[in-house]
Amino acid sequence: MLALMLMAGGPAWPQAATSQPVADRGALAGVARGASIKLRWELVRNVFSDSAPGGSTQARLILRNLDTRPLPARGWSLYLNWMEGVATGPLSGNLVLEQVAGNLFRIRPAPGFAGVAPGQTLNIDYVHPDLVIKLAKAPVGPYLVYDAAPDVGQAIADYELLPVTRPEQLDKGNSGAKPVVTPQDTYRRNTSADLLPADALPMVLPTPLSLWRGSGTLRLPVAPAIVAPASLGNEAALARSLFGAAAPVRSARDGAAAPGVAAPGAASAAPQLRLSTGKVPGQSSPEAYALTIDDNGIAIVGNSAAGVAYGLQSLRDLLPLPGAAPNGVDLPQLQIVDAPRFGYRGFQLDVGRNFHTKETVFKWLDLMARYKLNAFHFHLTEDEGWRLEIPGLPELTSIGAVRGHSARPGVRLQPAYGSGPDPNDPSGSGYYTRADYIEILRYAAARHIEVIPEVEMPGHARAAVKAMEARYQRLKAAGKPGAANYLLSDPDDKSEYKSPQLYTDHVINPGLESSYTFIDHVITQIVAMHREAGAPLRTIHVGGDELPRGAWEKSPASLALMREKHLESTADLWDYFYDRVDGMLKKHGLFASGWEELAGRVTTLRGQSKLIPNPLFTQRGFSAYVWNNTEGAEDLAYRLANAGYDVVLAPVTKMYMDMSHNPNPEEPGVNWGAYVELDTVYDFIPLDYMKNANPPLIGKDSLTDYGKRHVRGMEATLFTETIRDPSRIDYLVMPRLLAVAERAWAPDPAWATENDAAKATALHRAAWSGFVNALGQRVLPRLDLEKTGVMYRIAPPGLMLDGGRVLVNHVLPGITLRYTSDGSTPTANSKLVAGAIADKGVIQVAAFDRNGRAGLVSRIDNP
């Protein structure tokens, strides 16, 4: 049986208080664990027809009754989440498949259903209207509810997905796409890099602006004495941590502020690491630094404390791996002058769809700091969850942060993404208290990371909409005033729409003054939290994406406002809405950020919907995060920048970390946008990304010089529909995030600007080889040996038959490879791959990290 793998991981340094339980503690009575049912999901076959030329999928749920009592002929429902929906209606065997709301569906018996006797198996056949390639489209979170106890959901724990291996399951029709990526395909792809010796690796990643290497070395028999002013206390603490594994820290004399930290001018016999702020020659970025290693010791000067911190991260990369230099450290004498290419280097974490604790947030803030990323885009609210305590509106978290089964409206949100019936499910339910959020802000600020909170609106807002509906009903029933003060939905709205996530009731209504009262209150409370934390807040991300067509069109409140304000269309109403929101932000000295639709105007071209730059807001200072570079919109980010909008590049086909690496069904992730391998990210050219487009793009806009000035930077994006365990974040994000860091910090590599194709190819091979060798031989092993708990993806090796031998390679040259020839799975004790494998039989090979953790296994028959 095949179940999606979840790996365990832990938070990185330093220590922090643990999260408090946040789920609804009074609702466990509504959940009965362990229904006596065994459930399996099978992809039966892919089908191609005139009505579905792109393919549909026939699938089956196999239900076996393990109870001593029959599953009755009526009076029950089987609930499941289908992320992208299924064909509803009557099923064979007198069953009915119905949509409850969003991605929650249920199967129930119809008249004539015979029931399921003890020990009997029931096959439930149904259809996915689109082709199922990834197992992420399979149903998740099954539970059973009896009509006699409608508030009790019985989770079905014995549920697995059957393997997808047969030809009819993998059929891609006439698309030309291969059914799966084979070990031979992987081998061919991996040949684009060469194995390099350790002394040929790039010395620092991300690649610095300039690095001059001298001929000598600096010998450190013990850890250096750290000399730093009090204003660089956080940086001095980071410096101490770098040398903990190399040698004991020797305390400096004469006014040391902490063990191993001396005041400037203090005398010390130990080698010194001097930290200071000052002017970095030739560099205006506040994040610039100069790192010098010579006979006098180590000196790091930053244009600001952030520059000093980045210099220390470069120093970390120059140190030997933990345990490799027990008798002291030899550092190369060199000078680095460095500054980032982009001022915005971001990572977005979605905690709305599936909640993740503050400890997980701390871990990723640490990793961001390590690789010089400086903007944490905190996706806090979604249709499926509101994750931040807002004083004065307790329903946002008592209802909007809790998912679970309930027969009564207004109690909690419905299950989503496999969270099941239990309102205490840690992924479905949870939020950050005000104190939690302030702690996160301070943790980020200490690492020079700006937190950009996102509050989704007007779409993707179902959690808030339902929470405020519950507030309205509670206060109205109690006869209390102000019941409608924060209402977000028009009770008389008859608009017909459906979001990509299949919701029909999730949009904030701009025709209600209470909607603006709500938004203003939330903004004011977030501003207050940042102020109390002492953490900078320059902008709030106010969503703007995926408002479904048809929203507001039949809302009496919206239509009345349109008449009052002489607005001709809902596109004009959109502009009115964001004009009001922008005013609220400006009142607090903030600028508006949002998805690309915030800067766009929906119009039509030849009967098709088209997004063009909105002339109304070009001078407002809006910052547009542009994800859509799919077919037809490849140049959208450039068109918006050329029109005067500040742009953050977040293209789905290059930098969405939730995208699967490849089309193999069992490979985690989704595929609605693209497949994104490590080299996909690495090959992104931010300011000219159509240069290496394949196939070439004709007739698209390039960036003008004016437009280039409006590209703020770039961001790796992670949405969490399929991520219920923090180790899955590790798997999907690392090491791809390292390629994002490289592109966001370093200048264009030579291959990206070379016009001669042959020269560009050779330059790319050299640069790519350096990058992946550094990852495989130094960067990722350091994470292992420093016990960071990062369970990064270890890719499967490439295998190829060659004259009776098996050739082996890996995307990370130099990583440890082990194999078996008896059909067993390789372990940390299996034979090392030291060249071509001559053994006969079923050859299985896996890569291993420095702690003995195995990666994905490749298999080939060598007869």
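By convention here, each chain's residues receive numbers from 1 onward along its written sequence. In view of the model being predicted, local features appear only for residues whose pLDDT reaches at least 70, and side-chain atom pairs are presented and counted only at 80 or more, with totals across whole chains, interfaces and linings using the full set of residues. As a convention, hydrogens and water are excluded, and side-chain values are obtained from all of the structure's heavy atoms.

Give me the lowdown on the side chain of S495, citing residues and values where you can.
Working definition: helices are DSSP H or I runs of at least four residues, strands are E runs of at least two. Numbering for both runs from the N terminus. Within the fold, S495 resides in the loop between α8 (462-477) and α9 (513-533). Three labels apply to residues, based on accessible area from a 1.4 Å probe with only protein chains included: buried if under 20% of the type maximum, exposed if over 50%, partly exposed otherwise in between. Assessed through its relative accessible area of 13%, S495 is described here as buried. Polar contact is the term for a pair of N or O atoms within 3.5 Å; when the atoms are in protein, one must be able to donate a hydrogen and the other to accept it, and sequence-neighboring residues count only if both atoms are side-chain atoms. A polar contact is formed between the side chain of S495 and the backbone nitrogen of E553, at a distance of 3.2 Å. Here the side chain of S495 touches K554 through a polar contact of 2.8 Å, landing on its backbone nitrogen. Should any heavy atoms of two residues lie within 4.5 Å, those residues are counted as being in contact. Contact partners of S495, with chain neighbours within four places excluded, come to G550, A551, W552, E553, K554 and S555.

So, the sheet that holds strand β8 (residues 121-128): which residues are in play, and what are the values?
Two strands are counted as paired when DSSP detects at least two bridges linking them. One open sheet holds the four strands; their spatial order is β8-β3-β2-β11, and the pairing between them is mixed. Taken across any chain shown, the strands that pair with only one partner, and hence form the sheet edges, are β8 and β11 (159-161). Between one strand and the next, the sheet's axes are offset by a mean angle of 20°, whatever the strand orientation. The pairing of strand β2 (residues 37-47) with β11 spans three bridges and is parallel. Counted as the bridge partner of R40 is E160 from β11. Interaxial angles span 0 to 180 degrees and are taken between N-to-C directions of axes, which are lines fitted to C-alpha atoms, for helices over the stretch in contact.

Could you give me a rundown of the nonpolar core, with the residues and numbers involved?
What makes a nonpolar core is a set of buried Ala, Val, Leu, Ile, Met, Phe, Trp, Tyr and Cys residues whose side-chain atoms join them at distances within 4.5 Å. Residues F347, F376, F378, W386, F518, M734 and F771 are the most contacted members of the largest nonpolar core, which totals 162 residues. Per element, the largest residue contribution to this core is nine residues, and it comes from α9. The contacts of M734, once residues within four sequence positions are left out, are W364, Y371, I729, L780, L783, V790, Y792 and R793.

Pulling in residues and values, what's your account of α9?
One fewer than the residue count of a helix, multiplied by 1.5 Å, yields its expected span. With 21 residues, α9 extends 31 Å between its outermost C-alpha atoms, agreeing within 8% with the 30 Å of an ideal straight helix rising 1.5 Å per residue. Of the residues trailing α9, G534 is marked for its positive phi of about 70°.

Quick rundown of the pairing of β2? Include the residues and the values.
Counting buried positions over the eleven residues of β2 gives eight, a clear majority of the element. As judged from the ten bridges shared by β2 and strand β3 (residues 56-65), these two strands associate in the antiparallel manner. For R40, the partnering residue across the bridge sits in β3 and is I62.

Got a sec to walk through the confidence of the model for the protein? Specific residues and values, please.
Looking at the protein as a whole, the pLDDT averages 92, with 93% of positions reaching at least 70. Looking at any residue, its pLDDT shows the predictor's confidence there, from 0 to 100. Taken together, the stretch residues 1-34 has pLDDT below 50 and engages in 94 contacts with residues farther than four places along the chain or on a different chain. Considering only residues more than four positions removed or in separate chains, one finds that residues 248-260, a stretch of pLDDT under 50, has 34 contacts.

Would you mind going over the pattern of salt bridges in detail, with residue names and values included?
A carboxyl oxygen of Asp or Glu within 4 Å of a side-chain nitrogen of Lys or Arg is what we treat as a salt bridge. All told, the structure shown has 50 salt bridges when counted by the stated rule. Here the salt bridges do not stand alone but share partners, grouping E42, R60, D125, R166 and E168 into one network.

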